[in-house]
Amino acid sequence: VAVNVLGARKYKTWDFSMSQVNTLSDQSVKLLESLSDDLKVMYFYKEGTEGFEQNRRSFIEIMKKYQDKSPKVKLEFVEINSNPALAEKYDIKKGTQSVILEYQGRTNLIEKIDEQEITSAISKVTRTENKVVYLLSGHGELPAEQAQDGDSVSFLKSVLEGNRYEVKNFSFSSGGEIPKDASALFILGP
């Protein structure tokens, strides 16, 4: 009995597959080791949706890898119709299966469930400051604002802002040097 209790509480998994498909990447493991608080992972679903049970099983399978590496990863399943207030709080669309990651008040929504998306979302919610991205202007580059003819980078700008990047315009005519706070400088269609 004691061995069974210890085995259930303290277990170790090994991945003997050639391509290490059951092992998280080093980047994922480092992110999990850096967690100082609980990482809340909420899986929103709608009962009766086609493929729901299969998606739920694959989600549990991948999240088990994360939980094996860190006890701070906490899973919660939320049925959209049973808890509409919570679904509305996180702007979850009816009939979709979505995952919200929440860490220290910061959230990120993902709809594709794989290690790359989950690790990217963990990276976004654990980042304490927004990175600044500059769009070069003044040389005929595509505008950041929505244009009538459709030639703009407004979609790129909205995606970046949704991923906790601050997007600013920059022109060499206003200042001769790239700002020190720049994480990236985009030169789009000069």
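Since the structure is predicted, the reported quantities are computational estimates derived from the model, not experimental observations. (Residues numbered from 1 in each chain as written. Predicted model: local features only at pLDDT ≥ 70, side-chain atom pairs only at ≥ 80, totals over all residues. Heavy atoms only, no water.)

## Examining the pairing of strand β1 (residues 39-45)
Point 1. Buried residues dominate β1, accounting for six of its seven residues.
Point 2. Strand direction decides the pairing type here: β1 and strand β2 (residues 73-79), joined by seven bridges, are parallel. Note on β2: the bridge partner recorded for methionine 42 is glutamate 76.
Point 3. Between the parallel pair β1 and β2, the chain is carried across by helix α3 (residues 52-69), and the sense of this crossover is right-handed. (Buried < 20%, exposed > 50% of the residue type's maximum accessible area, 1.4 Å probe, protein only. Helix = DSSP H or I, 4+ residues; strand = E, 2+ residues; numbered from the N terminus. Pairing = 2+ DSSP bridges. Right-handed = clockwise from strand over helix to strand, strands pointing away.)

## Focus: the environment of glutamine 104
Point 1. Looking at the element boundaries, glutamine 104 is found in the loop between β3 (98-103) and β4 (106-110).
Point 2. Glutamine 104 sits 67 residues away from aspartate 37 along the chain, and the two C-alpha atoms are 7.3 Å apart.
Point 3. Glutamine 104 has contacts with Ser36 and Asp37, leaving out every residue within four places of it along the chain.
Point 4. A polar contact is formed between the side chain of glutamine 104 and the side chain of aspartate 37, at a distance of 2.7 Å.
Point 5. At 3.2 Å, the side chain of glutamine 104 forms a polar contact with the side chain of arginine 106. (Contact = heavy atoms within 4.5 Å. Polar contact = N/O pair within 3.5 Å; in protein donor to acceptor, adjacent residues only side chain to side chain.)

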